[in-house]
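Per-entry structural report
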Amino acid sequence: MMYHRGVRCPACRTPAIENDAACRQCGFSLEVADRSFGIAPALQGPIADVAGVMGAFKQKRAAHVIAQVERQFPQLAIAAVLMDVPQQAPLVPYAFWLFNRGQLSSAVEKGGENRLVMLLIDTNTDRAIAMVGYGLEPFIQEVPLQSCLQAALQPLQRGRYAQAIESFARELGRQLFELCQLAPKQFGLAQETQWLDVNAPGDANVGLAESLY
Ligand SMILES: [Zn+2]
């Protein structure tokens, strides 16, 4: 497995050394995870309802909210996965494995180009975890993903999965919006977020209005 600088082992949180085949502390690797977890389901975004807990209408509504955030931030793709995580599987390594093996990212988006934000909802326990691709790390680590998960918590506890996904996506959009206003150049977002400029030609104003919720 290819680790990037500053990355921690998803299983034991020990700082990983680049190009290590497996974690030196606990032995975790994607290959080891394959042997434990088996074959990952082939997932399709933006909403992969493996557990079958969401109706078509709610799925469409949540997908629409995700699409709105993706339109505002074309640099990223968001996928929500709903599934029964095996009870013996620790959630963080499982999410890491699913992120890498679930086919949510196309081949061209592997490694440093991966700009996927994955929200995994364990429908067994109604726990949620978020994971981001390496391509987003330079700026998304500044975004408190925790507050996005926090936004999803209440609806999740009530079993309202669509609402949980929508709250997560909206909070992510809100966080990124603030980040872009604070330091667009620092995070390399300036080129791709010209809609933030109210004086820009075209439908920039529409984009700005949409983000004010
Ligand atoms: Zn480890």
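The structure presented is a predicted model; accordingly, all values stated were derived computationally and were not measured. (Residues numbered from 1 in each chain as written. Predicted model: local features only at pLDDT ≥ 70, side-chain atom pairs only at ≥ 80, totals over all residues.)

**Structural notes on the confidence of the model for the chain**
For the chain, per-residue confidence averages 80 on the pLDDT scale, and residues scoring 70 or more make up 76% of the total. Counted against residues more than four places away or in other chains, residues 1–5, with its pLDDT under 50, gives 11 contacts. Within the model, pLDDT remains below 50 along residues 190–213, and this stretch shows 25 contacts once partners closer than five positions in the same chain are excluded. (pLDDT = per-residue confidence, 0-100. Contact = placed C-beta atoms within 7 Å.)

**Details of the nonpolar core**
Counting 56 residues, the largest nonpolar core has V81, M118, L119, I121, I165 and F168 as its most contacted members. Those elements that place two or more of their residues in this core are strand 1 (47–49), helix 2 (56–72), strand 2 (77–83), helix 3 (91–101), strand 3 (116–122), strand 4 (127–132), helix 5 (145–157) and helix 6 (161–182). The biggest single contributor to this core is helix 6, with nine residues. In terms of domain composition, this core takes at least three residues from each of domain 1 (1–28) and domain 2 (39–210). (Core = buried A, V, L, I, M, F, W, Y, C linked by C-beta atoms within 7 Å. Buried ≥ 20, exposed ≤ 12 C-beta atoms within 10 Å, placed from the backbone. Helix = DSSP H or I, 4+ residues; strand = E, 2+ residues; numbered from the N terminus. Domains from an automatic or database assignment.)

**Notes on the packing of helix 2 against helix 6**
Two elements in contact, helix 2 and helix 6, have axes whose closest approach is 9 Å; the angle formed by their N-to-C orientations is 5°. Put simply, helix 2 runs roughly parallel to helix 6. On helix 6, the residues touching K58, Q59, R61, A62, V65, I66, V69 and Q72 of helix 2 are A162, I165, E166, A169, R170, L172 and G173. Classifying every residue of the contact of helix 2 with helix 6 gives eight nonpolar, three polar and four charged. (Axes fitted to C-alpha atoms, helices over the stretch in contact; angles between N-to-C directions. Parallel < 35°, antiparallel > 145°, perpendicular 65-115°, else oblique. Nonpolar A, V, L, I, M, F, W, Y, C, P; charged D, E, K, R; others polar.)

**Re the pairing of strand 2**
Burial runs high along strand 2: seven of the seven residues are buried. The two faces of strand 2 match: A77, A79, V81 and M83 on one face and I78, A80 and L82 on the other face are all buried. Here strand 1 pairs with strand 2 via three bridges, running parallel. Counted as the bridge partner of A48 is V81 from strand 2. Regarding topology, helix 2 serves as the crossover connection from strand 1 to the parallel strand 2, and that connection is left-handed. (Pairing = 2+ DSSP bridges. Right-handed = clockwise from strand over helix to strand, strands pointing away.)

**Digging into the environment of Q87**
Structurally, Q87 is set in the loop between strand 2 and helix 3. Among the residues examined, Q87 registers 8 C-beta atoms within 10 Å and is labelled exposed. Sequence separation of Q87 and N124 is 37 residues, and the distance between their C-alpha atoms is 7.8 Å.

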